[in-house]
Amino acid sequence: MYAAEARYLAAGGPGVATFEPLARFFAADVVLHQAESLPYGGVWRGHDGMERFFVTMSRAWESFEMVDQRFLATEGTVVVQTQVHARARATGQELDFPMLQTITVVDGRISEVHPFYWDTKVIASACTSSPG
């Protein structure tokens, strides 16, 4: 899924590339929970919600690279430790930060995702232009 996501974004992402290669990894009723304090925060449901999430996230980030990942799995649950390098569109600020995701897999598809960020305030601040 992460490789398909990288190809999707490299192909132009939301509004340019088709979401179909990514959709096959997600259950039709997938739920993504993002921290409310982020510019792309909220609960995103279904394939349509995932597409809207990627549109919203791409407005916040010029680049979002998952530099290093470690996967821990149990029956039906995957925990992914990721080191991210990203550049915010609004400010041009580059950030390096850790992220942890718990991913529930049902019948071979992702059904629920909970990302956890170390410092949402720093991320939100980088993604918001200050009034000037």
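Cut-off values and rules
Residues numbered from 1 in each chain as written. Predicted model: local features only at pLDDT ≥ 70, side-chain atom pairs only at ≥ 80, totals over all residues. Heavy atoms only, no water. 1 Å grid on protein atoms, 1.4 Å probe; cavity = no way out; pocket = protein on both sides within 12 Å on 5 of 7 lines; lining within 4 Å. Points joined across faces, edges and corners; volume = space filled by probe spheres on them. Helix = DSSP H or I, 4+ residues; strand = E, 2+ residues; numbered from the N terminus. Nonpolar A, V, L, I, M, F, W, Y, C, P; charged D, E, K, R; others polar. Salt bridge = Lys/Arg side-chain N within 4 Å of Asp/Glu carboxyl O. Buried < 20%, exposed > 50% of the residue type's maximum accessible area, 1.4 Å probe, protein only. Core = buried A, V, L, I, M, F, W, Y, C linked by side-chain atoms within 4.5 Å. Contact = heavy atoms within 4.5 Å.

Quick look at the layout of surface pockets now. Roughly 210 Å³ of internal volume is contained in the largest pocket. For the lining of the largest pocket, the secondary-structure elements that each account for two or more residues are α1 (2-10), α3 (46-60) and β3 (61-74). Each residue belonging to the lining of the largest pocket can be placed in one class, and the counts come to six nonpolar, four polar and three charged. Size it by volume and the second largest pocket reaches roughly 160 Å³. Taken together, Tyr2, Glu5, Ala6, Leu9, Phe64, Glu65, Met66 and Gln69 make up the full set of residues lining the second largest pocket. Among the secondary structure elements, those contributing two or more residues to the lining of the second largest pocket are α1 and β3.

With that settled, the discussion passes to the pattern of salt bridges. Two side chains that carry opposite charge are able to pair once their charged atoms sit near each other. Counted under the stated rule, the structure contains four salt bridges. Here Arg87 makes a salt bridge to Glu62, at a shortest N to O gap of 3.3 Å. A residue pair is termed long-range when its members are at least 10 positions apart, and Arg87 in strand β4 (residues 77-88) and Glu62 in strand β3 qualify at 25 residues. Under the relative-accessibility criterion, Glu62 is labelled partly exposed at 43%. With a shortest N-O distance of 3.2 Å, Arg87 and Glu94 are connected by a salt bridge. Under the relative-accessibility criterion, Glu94 is labelled partly exposed at 43%.

Our next topic: the nonpolar core. If you look at the biggest cluster of nonpolar residues, it comprises 34 residues, and the most contacted ones within it are Phe19, Tyr40, Trp61, Phe97 and Ile123. The biggest single contributor to this core is α3, with five residues. Each residue touching Phe19, except ones within four places of it in the same chain, is listed here: Tyr8, Phe26, His47, Met50, Glu51 and Phe54.

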